[in-house]
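Spelled out from the first residue to the last, the chains are:
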Amino acid sequence: MKYKNGQYHIENINAEKIVRKFGTPSYIYSYDKIKENINNFKKNFKSIKPIICFSVKSNANLQILKIIKSFGLGADVVSKGELMIALKAGIKPDKIVFSGVGKTTKELKFAIDRKIFLINAESESEILEIEKLAKSKNIKVKIGIRLNPDTDANTISKISTGKKENKFGVNLQTFIKILNKYKGSNYIKMSCLSVHIGSQITSHKPFQKMLSIVKKSIQKSNHSFEYIDLGGGMGIKYSHKDKKLNYKIYCKLIEKFLKSFNSRIIFEPGRSIIGNAGVIISRIIYIKQTPKIDFIIMDAAMNDLIRPALYGTNHSIIPLHKKKTRISKKYEFVGPICETTDKFMLTKSYQKLKQNDYLIICDVGAYGMVLSSNYNLRPKAVEILVKNSKLKIIKKRQSITDII
Ligand SMILES: Cc1ncc(COP(=O)(O)O)c(C=O)c1O
């Protein structure tokens, strides 16, 4: 994804061609980028031979999941819907982990019946429910117990999950209580300790702290785990100011951790696999000039990409046709939705824009389409894959009649 002669290209296809064919707003993904991300991830963590389960919540497009499956990844799911789509993508049940604080009895039953790899339980009540189901079928179900390590992920507070005030996992006291209670159980096999402290973590330090707490917790519990599921959370660069997590350092920390335990590591990456493999192309509907600022009113809105409104995060917006000169002007890039939070970016200098120009919203592959909605009764955008110089619709644009 780069400029060639001032024109934005996805692989070797001019984005203008995509727009002419499919209109705007459109989600576009690059096959090569997904492949590069997966290979890079595997290469950097090779020494610890992790089981990699892609976090379906970050992108649940069936065709994307088929690509991810083709590179040998499993899936991390958080609902029956995600479990079903992972299976539909061809991911084998023995490569699927099921996380989430509120799995219903129906969802647990579905997962147990499909004999998935692991259910990562998050409370005593959930384990009781799993035990009941296992007893009724006279089988032993393999579970992970999610530990809440009370660790600050130093990320956006709204996507932090490992502090004691967050709803996720159980504290150490409960963790040990569960281990003691189910030690000899005929129905529950406690194979895994799972942990996930948050998303978009760009420094290795929170992971280092998390590993040290996990280590102490295992030692205190006096239990050996076949698997340690470290979740996802690996951060990516959304702007030139951001850092990307250094995989090599994280891997070294895990290597050191594994010297004390004979366990296999599971990862559940989402954003780091798909985040920078997707963009939205949008058209400028109007430019509204005011004395202090010009509002660039785009046809992509918070219903297409809610991250900025929901978490206060930034996505770079770049022009499809890049000009050499910039002007000093305050531009605010906004969507047409009737909400003040429907805005994406504020700049002080940019190239001169005009109505009907096209813009690229970057790095929307993760938590983009999956969080989209029909707010203001706006149809969801089309999703397109670029692979081998070909364009393929991987999810049709909704029509207004679809949603009415
Ligand atoms: C339990 C769990 N695993 C994995 C992930 C994926 O995280 P990320 O996309 O940051 O890799 C999440 C998302 O927050 C999660 O809650």
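Residues numbered from 1 in each chain as written. Predicted model: local features only at pLDDT ≥ 70, side-chain atom pairs only at ≥ 80, totals over all residues.

Here we look at the nonpolar core
Membership of the largest hydrophobic core comes to 104 residues, with the highest contact counts inside it found for Ile-96, Ile-119, Ile-143, Ile-360 and Ile-361. Per-element tally for this core: the top contributor is helix α8 (residues 205-221), with five residues. Looking at this core, you find at least three residues from each of domain 1 (2-29 + 275-403) and domain 2 (100-267). (Core = buried A, V, L, I, M, F, W, Y, C linked by C-beta atoms within 7 Å. Buried ≥ 20, exposed ≤ 12 C-beta atoms within 10 Å, placed from the backbone. Helix = DSSP H or I, 4+ residues; strand = E, 2+ residues; numbered from the N terminus. Domains from an automatic or database assignment.)

Observations concerning the site of the ligand
Taken together, 17 residues are adjacent to the ligand, and Ser-55, Ser-199, Gly-232, Gly-270 and Arg-271 come closest. Per-class residue counts for the shell around the ligand are three nonpolar, 11 polar and three charged. (Near = placed C-beta within 6 Å. Nonpolar A, V, L, I, M, F, W, Y, C, P; charged D, E, K, R; others polar.)

Details of the environment of Leu-346
Residue position: Leu-346 is located in strand β17 (residues 343-350). According to the C-beta neighbour criterion, Leu-346 is exposed, with 12 such atoms within 10 Å. For the pair Leu-346 and Lys-330, spaced 16 residues apart in sequence, the C-alpha to C-alpha distance is 7.1 Å.

Focus on the sheet that holds strand β5 (residues 51-55)
Taken together, eight strands build a closed barrel; the order of strands is β5-β6-β7-β8-β9-β10-β11-β12 and the barrel is parallel. Taken over all neighbouring pairs, the strand axes of this sheet differ in orientation by 30 degrees on average, direction set aside. Looking at chain direction, strand β11 (residues 227-229) and strand β12 (residues 264-267) are connected through three bridges and run parallel. Pairing of Asp-229 across the sheet is with Ile-266, part of β12. (Pairing = 2+ DSSP bridges. Axes fitted to C-alpha atoms, helices over the stretch in contact; angles between N-to-C directions.)

Things to note about the sheet that holds strand β2 (residues 7-10)
Spatial ordering of the open sheet is given by β1-β2-β3, a layout of three strands whose pairing is antiparallel. Every interior strand has two partners, whereas the edge strands, β1 (2-4) and β3 (13-14), have only one. Across two bridges, β2 lies against β3 in antiparallel orientation. In the sheet register, His-9 faces β3, and the bridge partner there is Asn-14.

Remarks on the pairing of β5
Of all five residues in β5, four are buried; the element is thus mostly enclosed. Of the pairings in the sheet, the one linking β5 to β12 comprises two bridges and is parallel in character. Of the residues in β12, the one forming a bridge with Ile-51 is Ile-266. Sheet topology note: the β5/strand β6 (residues 74-77) ladder contains three bridges and is parallel. Each bridged residue has a counterpart across the sheet, and for Cys-53 the counterpart in β6 is Gly-74. Once you follow β5 into helix α3 (residues 62-70) and on to β6, the crossover reads as right-handed. (Right-handed = clockwise from strand over helix to strand, strands pointing away.)

Description of helix α6 (residues 124-137)
Here α6 is 14 residues long and its end C-alpha atoms lie 20 Å apart, about the 20 Å a rise of 1.5 Å per residue gives. Residues of α6 that are buried include every one of Glu-126, Ile-127, Ile-130 and Ala-134, and no others. What you see down the axis of α6 is that its buried residues fit within an arc of 95 degrees, all on one side. Opposite its buried face, α6 presents the exposed residues Ser-125 and Ser-136, each directed more than 90 degrees away. Its buried side turned inward, α6 meets α5 (105-113), β8 (118-121), β9 (141-146), α7 (172-181) and β10 (188-194). Backbone geometry just downstream of α6 places Asn-138 in the positive-phi region, at approximately 55 degrees. (Expected span 1.5 Å × (residues − 1). Arc of directions from axis to C-beta. Contact = placed C-beta atoms within 7 Å.)

Regarding the packing of α7 against α8
Across the interface, α7 lies against α8 with an axial gap of 10 Å and an inter-helix angle of 40 degrees. When the axes of α7 and α8 are compared, the pair comes out oblique. When the axes of α7 and α8 are compared, the crossing they make is right-handed. On the side of α7, the interface is formed by Leu-172, Phe-175, Ile-176 and Leu-179, while α8 contributes Ser-217, Lys-220 and Ser-221. For the contact of α7 with α8, the per-class residue count stands at four nonpolar, two polar and one charged. (Parallel < 35°, antiparallel > 145°, perpendicular 65-115°, else oblique. Left-handed = near helix turned anticlockwise from the far one by under 90°.)

Here's the deal with the packing of α5 against α6
Look at α5 against α6: their axes get within 10 Å of each other, and the N-to-C directions meet at 50 degrees. Comparing their axes, α6 and α5 come out oblique. Viewed along their axes, α5 and α6 form a crossing whose handedness is right-handed. Each of Thr-105, Leu-108, Lys-109 and Ile-112 in α5 lies in contact with α6, whose residues at this interface are Glu-129, Ile-130, Leu-133 and Ala-134. A breakdown of the residues in the contact of α5 with α6 according to their chemical character gives five nonpolar, one polar and two charged.

So, the pairing of strand β14 (residues 294-298)
Here five bridges tie strand β13 (residues 278-289) to β14, and the two strands are oriented antiparallel to one another. In the sheet register, Tyr-286 faces β14, and the bridge partner there is Ile-297. Counting the residues in the hairpin turn of β13 and β14 gives four residues.

What about the environment of Ala-60?
Mapped onto the secondary structure, Ala-60 falls in the loop between β5 and α3. Sequence separation between Ala-60 and Phe-117 is 57 residues, and the spatial gap between their C-alpha atoms is 19 Å. When sequence neighbours within four positions are dropped, the list of residues in contact with Ala-60 reads Glu-82, Ile-85 and Val-370.

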